[in-house]
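# Observations on the three-dimensional arrangement
The primary structure of each chain is shown beneath.
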Amino acid sequence: MKKKKVLSSFLVAAMATSLLAGCGSSDKAPATDSTPADNTAASNTTDAPAEQTPQDTGDTAPAVEEQTLKVAAFEGGYGADMWTEVVKAFEASHPGVTVELTIDKKIEDVISPAMKAGDYPDVVHLATGREAALTETLTKENALLPLTDVLDMNVPGENITVRDKIVPGFLDTLATNPYGDGVTYYAPMFYSPCGLFYNAGLFKEKGWDVPTTWDEMWALGDKASAEGIALFTYPTTGYFDAFTYAALASSGGADFFNSCMTYEDGIWESDYATKVFELVGQLAKYTEGTTVANANNDNFTKNQQLILDNKAIFCPNGTWLPGEMAEAPRADGFEWGFMAIPAVNAGGSGCSFCWFEQMWIPAAAQNQDMAKEFVAYMYSDEAAQIFAKSTAIQPITGVSDSLEGDNKMFYSIYDNGATAVMGGFASTAPVEGVNMLDTLCGTVNSIVSGDKTVAEWQAAVEEVSDKLRAAME
């Protein structure tokens, strides 16, 4: 995989809703005791059989010291089977180690009571952005173990370090280094590029070119409208966070994007931001008429169905969409297509926001050395292949080379020139009645329906930014 440019910013606030629900979602619960436990149980003797010692009955290998590693994992849309399989593979490659796996769709509710009593898992797979905010809570309590030394470990069974195995850029974001001090506490897991999905078969049928600029988008919208096809739809307004992040980064670059995410005074009134607000306002005019009515948790698949029925051309989403719509009817010749958000500025590059999940080790974990070995193993080819069978794709170099079909197309987006954008709004103390994502994204329905103007929307976002800036932690 070619090296990519990556734009990054702060973590999504704990109270913000993460798109990883369709994008890989989340919920959160608090923890209490964060005092590191004694690490006497950790051992490295399980990586290879111990040296043989002559015995009276002949040379035999002494028994390997037994260890139990407690792993807790969130069961997301990829299912539980992959975790069971990867644990078995890890145990097979680490004789003497038994992994006690706990997996649940609400893993916070399962592990939090024991953690409050001082009984911590050794490894936890649980992303930020969930309602219960367990990952953020332990982060604020400085209750996580630094993983920077894991990056310099060799991937178990391979002659390459973890750092060199991970796709460039994933370790340069506050979504892995939450304190902004260059120290990694979250190991990046299972990533998903977001962009615009469309029916490539329709483009072939009509002889249309896939647009690469917004001027070309508007021209296509006019052409399609003459044939009764809308240019755009969206599942719910929540999907405009990934869309907007990509557009902001394309409009003003990395520093501007970071300024937006940290509520810099006046940033949402800037020319770069104005371009994005006006772009969405123009896009609203090309949005399919039934979209707003169905842009809710009960009917969002009706909006996604529009592109399968050739009633709308583009729909913003993440790589889980084809699986989500796998059983849905579709037009003859339908073929998934996927593209980055077109460049906002002439001559610029398109951008694709990238979601990824996280794995971490509690500072109070008892088996820290073996926990680090387990985290390093997550980037092995063996583990990556197991995860990929469930369409959970690890951010490792060359991953697109091993993929097939639609997944190969989706995960090649950064190889094909798109800039990766990662991160989200800086965490703040709660401000009553204020939610940036609700104001920035939720207002889109009112823009499409005409109930609010773009100018009113832009002013409201700046007002919310002012309130959150004072509460930023």
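Along each chain, residue indices are assigned from 1 in the same order as the chain's sequence is written. Reporting of local features is limited, given that this is a predicted model, to residues whose pLDDT is at least 70; pairs of side-chain atoms are given and counted only at 80 or more, and all residues count toward the totals for whole chains, interfaces and linings. As a convention, hydrogens and water are excluded, and side-chain values are obtained from all of the structure's heavy atoms.

### Focus: helix α18 (residues 454-471)
Applicable threshold: Labels follow the DSSP assignment, with helices taken as runs of H or I lasting at least four residues and strands as runs of E lasting at least two, numbered in each case from the N terminus. Any helix carries an expected span of 1.5 Å times its number of residues minus one. Only protein chains enter the calculation, and the probe is 1.4 Å; a residue is then buried if its accessible area is under 20% of its type maximum, exposed if over 50%, and partly exposed in between. In what follows, residue pairs with any heavy atoms lying within 4.5 Å of each other are defined as contacts.
Between its terminal C-alpha atoms α18 stretches 26 Å, which fits the 26 Å expected from 18 residues at 1.5 Å a residue. Those residues of α18 lying buried are Trp 457, Gln 458, Val 461, Glu 462, Val 464, Ser 465, Leu 468 and Ala 471. Buried residues in α18 make contact with α9 (271-285), α16 (436-440) and α17 (444-449).

### Concerning the pattern of salt bridges
What counts is decided by this rule: For salt bridges, the criterion is a side-chain nitrogen of Lys or Arg within 4 Å of an Asp or Glu carboxyl oxygen.
Inspection of every chain in the model, using the stated rule, returns 12 salt bridges. Its salt-bridge partner being Glu 158, residue Lys 165 comes within 2.7 Å of it at the nearest N-O pair. Note on accessibility: Lys 165 and Glu 158 belong to one class, buried. A salt bridge links Glu 335 to Lys 204, with the shortest nitrogen-to-oxygen separation between them at 2.9 Å. Residue Glu 335 is found in the loop between α12 (321-324) and β10 (336-339), and its partner Lys 204 is found in helix α6 (residues 200-206); the two are separated by 131 residues along the sequence. Here Lys 204 falls in the exposed class, since its relative accessible area comes to 59%.

### A few points about the pairing of strand β11 (residues 351-360)
As a reminder of what qualifies: Two strands are said to pair when DSSP picks up at least two bridges between them.
Counted residue by residue, β11 has 10 buried out of 10 residues, so it is predominantly covered. Bridge count between strand β6 (residues 123-125) and β11: 2 bridges; the pairing is antiparallel. Directly across from Val 124, in β11, lies its bridge partner Trp 360. Sheet topology note: the strand β7 (residues 187-199)/β11 ladder contains 6 bridges and is antiparallel. The partner of Tyr 191 across the bridge, within β11, is Phe 356. Across 3 bridges, β11 lies against strand β12 (residues 419-421) in parallel orientation. Of the residues in β12, the one forming a bridge with Cys 351 is Thr 419.

### Things to note about the packing of helix α1 (residues 81-93) against helix α13 (residues 368-377)
Note the following rule: In this analysis, axes come from line fits to C-alpha atoms, helices being fitted only over the stretch in contact, and the angle between any two N-to-C directions falls in the range 0 to 180 degrees. In these notes the angle categories are as follows: under 35 degrees is roughly parallel, over 145 is roughly antiparallel, 65 to 115 is roughly perpendicular, and the rest is oblique. Crossing handedness: left-handed means the near helix sits turned counterclockwise from the far one by under a right angle, and right-handed means the same turn made clockwise.
Between α1 and α13, the shortest axis-to-axis distance is 11 Å and the interhelical angle comes to 120 degrees. Taken together, the axes of α1 and α13 are oblique relative to one another. Regarding α1 and α13, the two cross each other, and that crossing is right-handed. In this structure, α1 contributes Val 86, Ala 89, Phe 90 and Ser 93 to the contact, and α13 contributes Met 370, Glu 373, Phe 374 and Tyr 377.

### A few points about the confidence of the model for the protein
To be explicit about the condition: For every residue, the predictor states its confidence as a pLDDT score lying anywhere from 0 to 100.
Summarising the model, the protein shows a mean pLDDT of 86, and 86% of its residues fall at 70 or more. Long-range and interchain partners of residues 1-63, a stretch whose pLDDT sits below 50, account for 190 contacts in this model, where long-range means more than four residues apart.

### Some details on the environment of Val 150
Relative to the elements of secondary structure, Val 150 occurs in helix α4 (residues 148-151). Taking the C-alpha atoms as reference points, Val 150 and Thr 161, 11 residues apart in sequence, are found 8.7 Å from one another. Val 150 has contacts with Val 162, Lys 372, Val 375 and Ala 376, leaving out every residue within four places of it along the chain.

### What about the nonpolar core?
For the record, the criterion: To qualify as a nonpolar core, a set must consist of buried Ala, Val, Leu, Ile, Met, Phe, Trp, Tyr and Cys residues joined through side-chain atoms within 4.5 Å.
Residues Trp 83, Met 378, Tyr 379 and Phe 387 are the most contacted members of the largest nonpolar core, which totals 70 residues. If you look at the next biggest cluster of nonpolar residues, it comprises 64 residues, including Tyr 198, Tyr 245, Phe 256 and Met 339.

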